[in-house]
Protein chains: 2
Amino acid sequence: MQRKDAKLKIIPLGGLNEIGKNMTVIEYKNEIIIVDCGLSFPEDEMLGIDVVIPDISYLLKNRERVKAIVLTHGHEDHIGALPYVLKKVNVPIYGTKLTLGLVENKFKEHNMLSDVNMNIVKPGDIIKLGRFKVEFIKTSHSIPDAVSLAIDTPLGKIIHTGDFKIDYTPIDGDIMNLHRFAQLGSEGVLALLADSTNVERPGYTMSERTVGETFENIFKNVESRIIVATFASNVHRVQQIINAALTFNRKVAFSGRSMVNVANVAIELGYLNVPKDMIIDVSDLNKYPDNEIVVITTGSQGEPMSALSRMASSEHRKMEIQPGDKVIISATPIPGNEIKVSNVINLLFEKGADVIYESLADVHVSGHACQEELKLIHSLVKPKYFIPVHGEYRHLRQHASLAESLGMARDNIFVIDNGKVIELSNDSARIAGTVDSGNILVDGLGVGDVGNIVLRDRKHLSEDGLMVVVVTISKEDGKVIAGPDIISRGFVYVRESEDLIDGAKLVVREGLKKCESNNVKEWATLKSVIKDVLKGYLYQKTKRRPMILPIIMEV
Amino acid sequence: MQRKDAKLKIIPLGGLNEIGKNMTVIEYKNEIIIVDCGLSFPEDEMLGIDVVIPDISYLLKNRERVKAIVLTHGHEDHIGALPYVLKKVNVPIYGTKLTLGLVENKFKEHNMLSDVNMNIVKPGDIIKLGRFKVEFIKTSHSIPDAVSLAIDTPLGKIIHTGDFKIDYTPIDGDIMNLHRFAQLGSEGVLALLADSTNVERPGYTMSERTVGETFENIFKNVESRIIVATFASNVHRVQQIINAALTFNRKVAFSGRSMVNVANVAIELGYLNVPKDMIIDVSDLNKYPDNEIVVITTGSQGEPMSALSRMASSEHRKMEIQPGDKVIISATPIPGNEIKVSNVINLLFEKGADVIYESLADVHVSGHACQEELKLIHSLVKPKYFIPVHGEYRHLRQHASLAESLGMARDNIFVIDNGKVIELSNDSARIAGTVDSGNILVDGLGVGDVGNIVLRDRKHLSEDGLMVVVVTISKEDGKVIAGPDIISRGFVYVRESEDLIDGAKLVVREGLKKCESNNVKEWATLKSVIKDVLKGYLYQKTKRRPMILPIIMEV
């Protein structure tokens, strides 16, 4: 029996006003299901941070109500937070075969595989989770086995697209199930949550297949080794490289930890078709002539520790770029990685490689829908309410405009932030409060132990370094009996700055003398005097403001 | 009398394999002239650095031979190092009126205006500098008064394009002097040095005038305030904004220090035409209706301290973004600034502004020549030798390919690095050695005092913070009489990590005890024991590696 006033809630805990850490709560009465559980990579100012995961305080408070986590696909920004979240809220996970194959790898690394409950679904399946029924719908994306979700609730259907594009000629031959979107639209959809990543781009995203054609054209005319860098998870891209290699009688070597891992999972699960004798090891490259070699590697984002960067800077243990190598960077720099990618391209050219990248040939297509594709999905689904997801504020805003341009009422569109609660009945929707949300920073083993104070200190230290001043004073009379000793790091090159350090000691001594003659003995005051005189002195001499750490020892 | 074996040397000291700090030495016998004297902005890993200037050791060694510095235009990457270089090598400077107007501002800031010798030239002028004759040739660029240089030497002519594009409909009506390039080409050019920035882009760069048309179209339909962010030095862009404002009866306010500075110089020197009563102060905006206001501001690169960023984050003292404001970002993010620009766009949207940026409308054109323009210049100049300049290695390499595709012999093209000496006779050219070159880092008042060690420490501190351990030992018996005291910054939030700190003290105490029982008393050993035990303990507990600074005091 449905109470008259029972409401459906949609609460994004991540993925709004950001690219990454996608996670959405769907809640009805005492039941919660979660769509995706992603991480994001640290922003520039998050110094020293490894990854960022969503704040799940809301789930911890409602732990016993959470029924399951449902996954749309196997990218880090959709599955990467699972190990952290499941350690706190261990619920069953549902996802397609490849998605769970990649998830399984993660759990192995975190040594928790035996503690989790994973359930493989396939497109077309409908699973029952309490009062919810979740249907998995085949889509296209830059990783195989991606699905949209149609979530049937007592108040109506919600469609969550996940990340998607419309590829009429996908590599696996199995196109996005547009029929099902159309059918659901005819039956009536209460709310649509749709991917906003590419909403600023007009037109259509090209088919993945076009990249294969480029590969064939490049491979045809090359006698040297061919090295292709791409995203490990883009299994269809890897398949196309393998196909081109097959056509031109080349062996294939995988390079880079995640490339090897994903390729193994994809081969094992049947998502990557490659004749066994075609795969060779990177350390055996010199057993084959150059024109029989293709290396598929990580490093398309210029990551300094990746296989491609190490090849380019002669730091790879097993192979090095040689003059004439054809290197294809089959990817676009993710915003923020432009300089890193450019650095790698420069290094490759300097080694004598011939490098092909996006501005020179069509070696990459996006995995996200552009404007015309989004319009198609909106037009098929005809939702009552629309919540743009997966994007920065500018993307969400533009996606809202796109929906409006298709005739949707502005009041039925919700451009919201993480943590906002959208409360829906079958004929109304409103923002009804806020729950905790935000970034939890992971640094080494620490999850959430690095906060704003630590980051602020790291930033200060990174810009101007520090100066430590130690003074030993007597317990009896409070007089200085040793020091000031000064140590500095990241501020000036000490050996060439003796005068500066001597001067610093002098002003500290004078400051302390003044305290003595004024009979000031409180440590806090002494420390702040040391800080102040040093700060003034150093700024006057260098126009820099190192962190100053006064330490008083008492004996 | 020219000795038979006298050679002409071209030595780039900056601008090759990098974007920025352009500086080229031209040398014949005992005479040196320098083309441009720019700075570059710090790369990500140059933590805390303000700007980067070229290493001029070679000039310091040959100080008395340097005749002059000749400037192509007034961008920072061509004039920014002048104050630093002239303090060491004070020679006359030659440049066009606006270029020197901007240079003058710099000298004022550095309090050295009275010490320098500045000489205004105009396009068409030829100046004699020892055996060199330097001719200034009108070009187009994203700053007015840009020139190429034709340098007549005893062994032949060198053409240095400076930064340029070909604009057939420039805002000042005065197009690049293609006739002169053609004439020089007919007479014979020994070597061409040409801008490589846009060599990867096919086709032509659009005329600056097209941006003006976009402005008119946008202004026509807007009733709210209009705020345009662009580069301060792009005076023609600013002129077009003013023209559109005039057309639609709007006043203009300048915002941001460099925008105000450059506008003042440009108005004073006649490069910016704006009716006096049209200019208003930012603090007077509320005296005018919204539809009579245009604000021209800095901040098009998302710089966090810029006027636009401060408006967007409510930190501007005099104005704030209000809902409905039309904000035009009339610029492209310089590589590395993408995220910053995106952040500002998001903030602006969140404040309710309607933001127009490059992916939405043609609000920017580049100042650099694309492939077809470069081909034109190569074809007109027909140099014997070619040295691509102003670009990363990938750009220089592609520019070399472009020259080859036009029929130039590969042996006559020199893709080189900063510091390489190209030695030319009138019928030969070769790389003849290397001089010192590189980056001098400027941090506050320090020029060159921050080197690799300091940067490495800053990086370490930025990632994991530090832990200082102080121990006081007795002079008499070497026994610990106070401490260990521990202070940490940027590592963990200390108040929530008391156990960790207590544990750290414990392992240090144990380590020191072991030393004592082994009768180890050397400070160096004690320090390294403290470092080692702490490092191991902290890594095991946190998987982080803070910098550890052991300090021993003796009383």
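Residues numbered from 1 in each chain as written. Chains lettered and ligands numbered in written order. Predicted model: local features only at pLDDT ≥ 70, side-chain atom pairs only at ≥ 80, totals over all residues. Heavy atoms only, no water.

Draft legend 1. Fine view of the interface of chain A and chain B. Contact residues are listed per partner, giving 62 residues for chain A and 63 residues for chain B. Summing the contributions of chain A and of chain B, the shared interface buries around 5200 Å²; its carbon and sulfur component is 62%. The largest per-residue losses of area from chain A upon contact with chain B belong to Arg-394, Arg-544 and Met-553 of chain A, which jointly make up 11% of the total buried on that side. Applying the counting criterion to the chain A and chain B interface returns four salt bridges. Between Asp-443 of chain A and Arg-544 of chain B there is a salt bridge, and its shortest N-O distance comes to 3.4 Å. (Contact = heavy atoms within 4.5 Å. Buried area = accessible area lost by both parts, 1.4 Å probe. Salt bridge = Lys/Arg side-chain N within 4 Å of Asp/Glu carboxyl O.)

Draft legend 2. View of the UniProt feature "domain: Metallo-beta-lactamase" (unreviewed entry) in chain A. Per the UniProt record, "domain: Metallo-beta-lactamase" (unreviewed entry) is found at residues 20–215 of chain A. Between the C-alpha atoms that bound residues 20–215 of chain A there is a distance of 30 Å. The span itself is 24% helix and 29% strand. (UniProt positions renumbered as here; feature names shortened; annotations may be inferred. Helix = DSSP H or I, 4+ residues; strand = E, 2+ residues; numbered from the N terminus.)

Draft legend 3. The pattern of salt bridges, seen in detail. All names here are of chain A. Throughout the structure, instances matching the rule amount to 52 salt bridges over all chains. Of the charged contacts in the structure, one is a salt bridge between Arg-65 and Glu-27, with a shortest N-O distance of 2.7 Å. Placement of Arg-65 in the loop between α1 (57–61) and β5 (66–70) and of Glu-27 in strand β2 (residues 23–28) is noted, with a sequence separation of 38 residues between them. In this structure, Arg-65 and Glu-27 share a single accessibility class: buried. Between Glu-31 and Arg-131 there is a salt bridge; the shortest N-O distance is 3.4 Å. (Buried < 20%, exposed > 50% of the residue type's maximum accessible area, 1.4 Å probe, protein only.)

Draft legend 4. Summary view of the nonpolar core. Grouped together as the largest cluster of nonpolar side chains are 68 residues, with contacts concentrated most on Leu-59, Leu-82 and Phe-219 of chain B. No other element matches the six residues that helix α7 (residues 235–247) of chain B contributes to this core. Taken domain by domain, this core gets at least three of its residues from each of domain 1 (8–203 + 366–444) and domain 2 (208–360) of chain B. With sequence-adjacent residues up to four places away left out, Phe-219 of chain B is seen in contact with Ile-226, Val-228, Ile-241, Ala-244, Ala-245, Phe-248, Arg-250, Val-294 and Ile-328 of chain B. Core analysis: the next-biggest nonpolar cluster, separate from the first, contains 67 residues, Ile-32, Val-66, Ile-226 and Val-252 of chain A among them. (Core = buried A, V, L, I, M, F, W, Y, C linked by side-chain atoms within 4.5 Å. Domains from an automatic or database assignment.)

Draft legend 5. Main features of a nonpolar patch on the surface. There is a patch of nonpolar side chains on the surface, built from Tyr-168, Ile-175 and Tyr-204 of chain A and spanning about 300 Å² of accessible area. Locating Tyr-168 of chain A in the fold gives a position in the loop between β11 (156–160) and α5 (178–187). (Patch = residues over 30% accessible without salt bridge, like charges linked within 9 Å, V, L, I, M, F, W, Y side chains within 5 Å. Areas by Shrake-Rupley, 256 points an atom, 1.4 Å probe, with all protein chains shown as cover.)

Draft legend 6. Examining the relation of the copies chain A and chain B more closely. Relative to chain B, chain A is turned by 180° and slid 0.1 Å along the rotation axis, the superposed coordinates differing by an RMSD of 0.1 Å. The superposition operator between the copies reduces to a two-fold rotation axis. Rotation axis and chain A: the residue whose C-alpha lies nearest the axis is Ser-462 of chain A, separated from it by 2.3 Å. (Least-squares fit on C-alpha atoms with pLDDT ≥ 70 in both.)

Draft legend 7. Main features of the environment of Pro-289 of chain A. Looking at the secondary structure, you find Pro-289 of chain A in the loop between β15 (279–280) and β16 (293–297). Measuring from C-alpha to C-alpha, the distance between Pro-289 of chain A and Asn-105 of chain A comes to 35 Å, with 184 residues separating the pair along the chain.

Draft legend 8. Spatial organisation of the confidence of the model for chain A. Mean pLDDT for chain A: 94, with 99% of residues reaching 70 or above. Listed scores for the predicted complex are pTM 0.90 and ipTM 0.88. (pLDDT = per-residue confidence, 0-100.)

Draft legend 9. Quick look at the sheet that holds strand β24 (residues 466–473) of chain B. Residues and elements named next belong to chain B. Taking strand neighbours across the sheet as the criterion, the three strands line up as β25-β24-β26 in an open arrangement whose pairing is mixed. Both outer strands of the open sheet, β25 (480–489) and β26 (547–554), are each paired with one neighbouring strand and no more. For this sheet, the mean inter-axis angle between neighbouring strands, taken without regard to orientation, is 15°. In this structure, β24 lies alongside β25, joined through seven bridges in antiparallel fashion. Across the sheet, residue Val-470 finds its bridge partner in β25, namely Asp-485. (Pairing = 2+ DSSP bridges. Axes fitted to C-alpha atoms, helices over the stretch in contact; angles between N-to-C directions.)

Draft legend 10. Region of the structure containing empty space enclosed by the protein. Taken as a whole and assessed by the stated rule, the structure comprises four cavities of 30 Å³ or more. Within this model, the largest cavity holds a volume of roughly 150 Å³. Together, 21 residues line the largest cavity, and Ser-140, His-141, Asp-167, Glu-208 and His-236 of chain A are the ones closest to its centre. Classifying every residue of the lining of the largest cavity gives six nonpolar, eight polar and seven charged. Both of domain 1 (8–203 + 366–444) and domain 2 (208–360) of chain A provide at least three residues apiece to the lining of the largest cavity. Of the volumes computed, that of the second largest cavity is approximately 130 Å³. Contributing to the lining of the second largest cavity are 19 residues, with Ser-140, His-141, Asp-167, Glu-208 and His-236 of chain B lying nearest its centre. (1 Å grid on protein atoms, 1.4 Å probe; cavity = no way out; pocket = protein on both sides within 12 Å on 5 of 7 lines; lining within 4 Å. Points joined across faces, edges and corners; volume = space filled by probe spheres on them. Nonpolar A, V, L, I, M, F, W, Y, C, P; charged D, E, K, R; others polar.)

Draft legend 11. The arrangement of the UniProt feature "binding site: Zn(2+) 2" (unreviewed entry) in chain A in detail. Residues and elements named next belong to chain A. Sequence positions flagged by UniProt for "binding site: Zn(2+) 2" (unreviewed entry) are, in local numbering, His-78 and His-390. The named residues occupy 313 residues along the chain; their greatest pairwise C-alpha distance, 10.5 Å, places them in one compact cluster. Secondary-structure assignment places His-78 in helix α2 (residues 76–79). Among all residues touching His-78, those that are not within four sequence positions of it are Asn-22, Asp-36, Cys-37, Gly-38, Leu-71, Thr-72, His-73, Asp-163 and His-390. Note on placement: His-390 falls in the loop between β19 (383–389) and α12 (393–405). On the basis of relative accessibility, which here comes to 6%, the residue His-390 falls in the buried class. With residues near it in sequence (within four places) discarded, His-390 still touches Gly-15, Leu-16, Glu-18, Asn-22, His-78, His-160, Gly-162, Asp-163, Asp-195, Ser-196, Thr-197 and Leu-396. A polar side-chain atom of His-390 sits 3.3 Å from a polar atom in the side chain of Asn-22. (Polar contact = N/O pair within 3.5 Å; in protein donor to acceptor, adjacent residues only side chain to side chain.)

Draft legend 12. Quick peek at the packing of aromatic side chains. Going through the model one piece at a time under the given rule, you end up with six aromatic pairs over all chains. Summarising the aromatic geometry, the rings of Phe-215 of chain B and Phe-219 of chain B are spaced 6.3 Å apart at their centres and angled 50° between planes, so their arrangement reads as tilted. One end of the pair is Phe-215 of chain B and the other is Phe-219 of chain B, both in helix α6 (residues 208–220) and four residues apart, which spans about a single turn. An angle of 55° between the planes, with centres 6.4 Å apart, marks the rings of Tyr-385 of chain B and Phe-414 of chain B as tilted. Highlighted residues: Tyr-385 of chain B in strand β19 (residues 383–389) and Phe-414 of chain B in the loop between α12 (393–405) and β20 (420–424), separated in sequence by 29 residues. An identical accessibility class is assigned to Tyr-385 of chain B and Phe-414 of chain B; each is buried. Positioned above the aromatic ring of Tyr-539 of chain A, the side-chain terminus of Arg-545 of chain A is 4.0 Å from the ring centre. (Phe/Tyr/Trp six-rings, centres within 6.5 Å; stacked < 30°, edge-to-face > 60°. Lys NZ or Arg CZ within 6 Å of the ring centre and 35° of its normal.)

Draft legend 13. Representation of the side chain of Arg-250 of chain A. All names here are of chain A. Assignment of secondary structure puts Arg-250 in the loop between α7 (235–247) and β14 (251–255). Salt bridges are absent for the buried Arg-250, whose nearest opposite-charge side chain, Glu-223, sits at 6.0 Å. Within polar-contact distance, the side chain of Arg-250 engages the backbone oxygen of Ser-224 at 2.8 Å. (Lys, Arg positive; Asp, Glu negative; His and termini not counted.)

Draft legend 14. Geometry of the layout of surface pockets. By volume, the second largest pocket amounts to about 380 Å³. Contributions of two or more residues to the lining of the second largest pocket are made by β18 (354–356) of chain A together with α11 (371–381) and α12 of chain B. At eight residues, α12 of chain B tops the list of elements feeding residues into the lining of the second largest pocket. Here the residues of the lining of the second largest pocket are counted per class, giving eight nonpolar, five polar and six charged.

Draft legend 15. Focus on a negative patch on the surface. A surface patch of like charges, here negative, comprises Glu-43, Asp-44 and Glu-45 of chain A together with Glu-43, Asp-44 and Glu-45 of chain B. For Glu-43 of chain B, the position within the fold is in the loop between β3 (31–35) and β4 (51–54). (Charge placed at Lys NZ, Arg CZ, Asp CG, Glu CD.)

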